[in-house]
Amino acid sequence: MGQYSGASQPQQSHHHPKALVEGHTQPLLPRQGVDKRVILVCSLASSLFNPLTQLTGMRAESPAGAFHRAQPPRPQMYNKMWHQTQEALGALLDKEPQKMVEPQRNQVFIFQTLATFYIKYVQIFRNLENVYDQIVHPQKRILIRKVLDGVMGRILELKNEMVELELTEFHYFDDILQDLKLAPQQLDIPIPKYFLKEKLEVIKGREKILAQILADSGIDTSEMKFPVKSMPFDQAVKLIQIAERARQGRLRALFMKQIYLQEYRAKQSKTLGKKVTDAWAAALCIQKVWRRFHQCKKTEKLREEEMIFLGMNPPPLFNEVSATVIQAEKVDRLRNEVQMKHEEDYREALVTIKNDLKLIEGLDIKENLQDQIRHWFIECRNLTGTFPDYPDIEEGGSAIIFSNKTVQQVIEDIIANQEEEEKNEKKKKKKKEKQPKKTKRQKKGTKEKNKEEDEKWKMSPSLFLPAMKEGCNAYKEIWMNKDESWNFSQDFDPELIKEEKRKELESEIRVQVDELMRQELKNLKLAVDREREHPAKVGKKKKKKGKKGKKKEKKTKKDKDLTADRTIESLYKELVEEGLLIQALKVNLSDYIGEYSYLGTTLRQVSIEPMPSLLDVRQLITLYGIWPLGSAAVHEKAPLVKSLLLAGPSGVGKKMLVHAICTETGANLFNLSSSNIAGKYPGKNGLQMMLHAVFKVARQLQPSVVWIEDTEKTFYKKVPNAEKTNEPKRLKRHLLQILKLLKPDDRILIVGTTRRPFDAELQPFCRVYQKIILVPRPDYASRYVLWKQIIERNGGVLTSALNVSCLAKVTDGFTQGHIVKVVKAVLTDQRIRRQIHKPLTAVEFITAITSMDPVYKEEEESFKNWYAKTPLGKKRALAITGGSTEKAKDKGKRKEKKEKRAKKKK
């Protein structure tokens, strides 16, 4: 199981993972060591791939030509990484069926095997994603993309298996990571870059159209994002008075200070009237002060160097962008241009090579196929005495008979089929004899055996393993031992294109040949056997087909298009003007800052359920939201997640995660919150029209996210009097119907956010949302990282005077939103300018945060208690106490029956 740990990718190796290529198995070094490796690799990249400073001394050319000259070392490195990853994937695919086919009972052993495979696949995915982003060869990229989608789908399948096994969405792999010698950061799931690269132009065009519609309709997006609250006149006067009194007080203080200094100097001149006679004593005094000052500075410098060496402080100029990083970014841009050019050349070559083959080899292929089929006619006539029946077009024509087979193999198949038919007839005659009936004891025994088999755990079949195996086989056949010394520029291989297009051309010509040979077979039957077709059979077939067509027509009539006379552009414009289709904020998922939970496994061993960390939440958003929306191949076959609920106190970043899903996948964002749809499209017909328009546009412009903010209002137990006019429960009956209509082809995700889930009816709430993610407040480690990064992002400078650990400890219970507000309130423009003379201190932030209300333990417990009542929470609680999931289902059904009876009585 531990073979692939050597090929794991370090955290910081984004562009050039040198450590992975060389096979490092050690965990991540401190911050300083990682940065040195990155700088070293970037400097190598700048020296190797600078198009202006070639070793050959040639002049600068076009970007593509310059990149080709500097290309050879780069494909070698990433080809090597690709070969290593493919070997690891092949070994993993050989091991997985052996361990997963055998039924197991030990739950700990099952989870460890699943988690190990999950971690291995995550490492393979990280490497393949990096290789796919860096390699320029178009045919290699097609194969890598196929394997990459398969690995993504397999990770989602393993995640689903772990959820069903442990009955929780959050898993902890501390012990397994220690065995594999991996750091927790290497378990982070990246978002593939091709999600946005492949449709960048479409997203930009859509954003321009959306901005134009908003501008034409007079809706100002800046006002929507940053609303300005009006202030009463009395309060404004008080603020001006306070500012003016403070200004006068400062001026008076300066004046009094000057008077005090004058008096102090006068007193000092009187007391020190006599001159110092001993010059040696004065010199000694000056030396003492100077040496003390010099030694203090030297000690501080040594202390700082020691902290940098230990990795506890960042090195100087750590946050500044070096010239090597800028050069690496230029190389990335050049690589993207070359990738685009090679793909265009490859598409053009597909057409031109096919046309050339059609002209040169088309007639020969046609004659060979005709000779092959005629030979088949004659051999069948000699063996069976009659001419064979020609396969129909629906069955595939002659391709079924001659698929990768010679004429002799076809003849052997005919003889084998005749022998099998004779054997089957003999067996049927024997089976007609009466079989003895099973007794009651035998039936009981079979039932008990089936129960025992059900108790044992078995892995469900995978839909992605065949695709990965096909990719591995194609790699072994084509690319594993291929000599590419001639392909200096890493352009397409014309011989591979010829092989592919020759098969396509053969299949196209075969259709024409089948029509000719069917007619020829009819003529042979008429001439030799004097057979004719029976017109009655043909008529029956036609009638049956007509009936099937009618049935299909009846089914399609049920699905009515309410907006058949309107275009998608007009519906899109209407939804934007009504405020139902909104512009997503540009927020990356990496901006959701947090740290890993390092004590999850140990707490569960002591039967304590730990609160999930923020990075665990981020990973779930990637797996359930971003991956399926970003890849159509993954969405069709992976475990389907149609709806997602984010529950947590206000300020933990639920809204930010919704916008991050749209940003990372380029998805449209539809806002169907109860407050947003209030007063729009009134009545039942209006509501149907609104939902029809929303989901029609969402299907046409997928991927799409339908966001329902404060979704508990849709499922209120009792609607408050203040909100009755808004009709918050309008969508309650329609959401389940919408979810049933969503198909695997529809890349649409319904996301709900709530800060008071306990106000909603539990059963319909949980039926609508398949996956419920509890978003917690940040723990100590996450708060420590949050304070540091948010202060730096807002222009603050971290010094030894600022105790970040103290801030993280004191702000226990506060959310990310509180920390962001405090930092923005303290770090004003004036305070940022004064940092040079007066560094930041923790007291400034603590005084600002005292006016805010934290998340108390009672509120956190209420969220935990509510989650324990959800279906997955109930199963988890029973599993911890030693119960079974079947008992939980029975109890749930009994409760539902009791509630229904109580409602009927009322």
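The paragraphs below set out a description of the structure included in this document.

## Digging into the overall build of the protein chain
For step 1, the next point in the chain: Summing up its helical and strand segments, the protein chain has 34 helices and six strands in all.
For step 2, the next point in the chain: Taking all 906 residues of the protein chain together, the buried fraction comes to 41%.
For step 3, the next point in the chain: In the structure as shown, the protein chain presents an accessible area of about 55,800 Å², 54% of it carried by carbon and sulfur atoms.

## Here we look at the packing of aromatic side chains
For step 1, the next point in the chain: Summed over the entire model, instances satisfying the criterion amount to 17 aromatic pairs.
For step 2, the next point in the chain: Consider the rings of Trp787 and Phe845, whose centres lie 5.6 Å apart with planes at 70°: the pair is edge-to-face. One end of the pair, Trp787, is in helix H27 (residues 780-793); the other, Phe845, is in helix H31 (residues 842-849), with 58 residues separating them in the sequence.
For step 3, the next point in the chain: Judged by relative accessible area, Trp787 falls into the buried class, the value being 0%.
For step 4, the next point in the chain: In this structure Phe845 comes out as buried when scored by relative accessible area, which is 1%.
For step 5, the next point in the chain: Taken together through their ring pairs, the aromatic side chains of Phe715, Phe765, Tyr769 and Trp866 make up a single cluster.
For step 6, the next point in the chain: The aromatic ring of Tyr132 is capped on one face by Arg141, whose charged end is 4.3 Å from the ring centroid.
For step 7, the next point in the chain: The ring centre of Trp479 lies 6.0 Å from the NZ or CZ of Lys482, which sits over that ring.

## Some words on helix H16 (residues 465-479)
Residues lying three or four places apart along an α-helix face the same way, a consequence of the helix completing one turn every 3.6 residues.
For step 1, the next point in the chain: With 15 residues, H16 extends 20 Å between its outermost C-alpha atoms, agreeing within 8% with the 21 Å of an ideal straight helix rising 1.5 Å per residue.
For step 2, the next point in the chain: Among all positions of H16, only Leu465, Ala467, Met468, Gly471, Cys472, Ala474, Tyr475 and Trp479 are buried.

## A closer look at the packing of helix H24 (residues 683-700) against helix H25 (residues 732-741)
For step 1, the next point in the chain: One can describe the packing of H24 onto H25 by two numbers: an axis separation of 12 Å at closest approach and a directional angle of 30°. Judged by the inter-axis angle, H24 sits roughly parallel to H25. Crossing of H24 over H25 shows right-handed handedness. Here H24 contributes Leu687, Leu691, Phe695 and Arg699 to the contact with H25, which in turn contributes His734, Ile738 and Leu741.
For step 2, the next point in the chain: Grouping the amino acids of the contact of H24 with H25 by side-chain chemistry returns five nonpolar, one polar and one charged.

Reading guide: rules and limits
- Residue positions are counted from 1 within each chain, in the order its sequence is given.
- Per-residue local features are limited, in this predicted model, to residues with pLDDT of at least 70; the limit for side-chain atom pairs, both in listing and counting, is 80 or more; totals at the level of whole chains, interfaces and linings are taken over all residues.
- Derived side-chain values reflect all non-hydrogen atoms in the structure, with water molecules and hydrogen atoms excluded from consideration.
- Helix and strand labels come from DSSP, where a helix needs a run of H or I of at least four residues and a strand needs a run of E of at least two; each type is numbered from the N terminus.
- Burial here depends on accessible area, computed with a 1.4 Å probe over protein chains only, as a share of the maximum for the residue type. Under 20% is buried, over 50% is exposed, and the range in between is partly exposed.
- With residues, only the protein chains shown are counted as cover, and all accessible areas are computed by Shrake-Rupley using a 1.4 Å probe.
- Here is the rule: rings of Phe, Tyr and Trp (six-membered ring for Trp) pair when centre to centre is within 6.5 Å. Planes less than 30 degrees apart are stacked, more than 60 are edge-to-face, and the remainder are tilted.
- Look at NZ for Lys and CZ for Arg. If either is within 6 Å of the ring centre and within 35 degrees of the ring normal, a charge sits over the ring.
- One less than the number of residues in a helix, times 1.5 Å, gives the span that helix is expected to have.
- In this analysis, axes come from line fits to C-alpha atoms, helices being fitted only over the stretch in contact, and the angle between any two N-to-C directions falls in the range 0 to 180 degrees.
- Roughly parallel here means an angle under 35 degrees, roughly antiparallel means over 145, roughly perpendicular means 65 to 115, and every remaining angle is called oblique.
- Working rule for handedness: look at the near helix, and if it is turned counterclockwise from the far one by less than a right angle, call the crossing left-handed; if clockwise, right-handed.
- Should any heavy atoms of two residues lie within 4.5 Å, those residues are considered in contact.
- Amino acids are sorted into nonpolar (Ala, Val, Leu, Ile, Met, Phe, Trp, Tyr, Cys and Pro), charged (Asp, Glu, Lys and Arg) and polar (every other residue, Gly among them).

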